[in-house]
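Survey of secondary and tertiary structure
What follows is each chain in one-letter form.
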Amino acid sequence: MAKPKGKTPSLLSKSTGTPTLHVCGKATACKRCNTKIKTGEQCFRIPKQQNGFAAKPTFCISCTRLIVEKTKSDILAVEQLFPAIEAR
Ligand SMILES: [Zn+2]
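Residues numbered from 1 in each chain as written. Predicted model: local features only at pLDDT ≥ 70, side-chain atom pairs only at ≥ 80, totals over all residues.

All right, on to the sheet that holds strand 7 (residues 58-59) then. One open sheet holds the three strands; their spatial order is 1-4-7, and the pairing between them is antiparallel. The open sheet terminates on both sides in strands that have one partner only, identified here as strand 1 (20-23) and strand 7. Direction of pairing for strand 4 (residues 42-45) relative to strand 7: antiparallel, over a ladder of two bridges. In the strand pairing of strand 7, Arg45 is matched with Thr58. (Pairing = 2+ DSSP bridges. Helix = DSSP H or I, 4+ residues; strand = E, 2+ residues; numbered from the N terminus.)

So, about the environment of Ala2. Mapped onto the elements, Ala2 comes out in the segment before helix 1 (11-14). Residues Ala2 and Pro19, 17 residues apart in the sequence, show an inter-C-alpha distance of 21 Å. When neighbours within four sequence positions are excluded, Ala2 is seen to be in contact with Cys33, Asn34 and Thr35. (Contact = placed C-beta atoms within 7 Å.)

Let us look at the nonpolar core. Core analysis: the biggest nonpolar cluster contains 10 residues, these being Leu11, Cys30, Ile37, Cys43, Phe44, Ile46, Phe59, Cys60, Cys63 and Ile67. Elements with a minimum of two residues in this core: strand 4 and helix 2 (61-79). Not counting the four nearest positions on each side in its chain, Cys63 is found in contact with Met1, Pro4, Cys30, Arg32 and Cys33. (Core = buried A, V, L, I, M, F, W, Y, C linked by C-beta atoms within 7 Å. Buried ≥ 20, exposed ≤ 12 C-beta atoms within 10 Å, placed from the backbone.)

The end-to-end C-alpha distance of helix 2, which contains 19 residues, comes to 27 Å, matching closely the 27 Å that a straight helix rising 1.5 Å per residue would cover. Those residues of helix 2 that fall on the buried side of the exposure criterion are Cys63, Thr64 and Ile67. Each buried residue of helix 2 sits inside an arc of 95° when the element is viewed along its axis, so together they form one side. Exposed side chains of helix 2 directed beyond 90 degrees from the buried face belong to Glu69, Lys72, Ser73, Leu76 and Glu79. Turning to helix 2, the residues buried within the fold contact helix 1, strand 4 and strand 7. (Expected span 1.5 Å × (residues − 1). Arc of directions from axis to C-beta.)

This is the structure we're talking about:
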C-alpha cells in the first residue's frame, strides 16, 4: 500500500452505503493510496453519491481497513454522548 493522501476518511462522512467486497475485473488504482489492484485481486467498493450519481470507487483492503477503523472511532465518539443525555 502506498502512502494514502490526506487524513483517513470515515464512512459516516464519505460514504452513502456499505462497502462491498469485490473481485477486481480489470486493474484499478485504489482511490485513496493509488496502489494498483490487479485483475482477480480482492478489493472493496465504497458507494458514494456524486453529482446525483451513485459512484462506487475502488479501495485496496488496507485503505478499507483504515476507513472502517476510523468509522468505528467516530461512532464510538457519538455513542459516548448518550449516557450524558440519559443521565439528565
Ligand atoms: Zn489503498
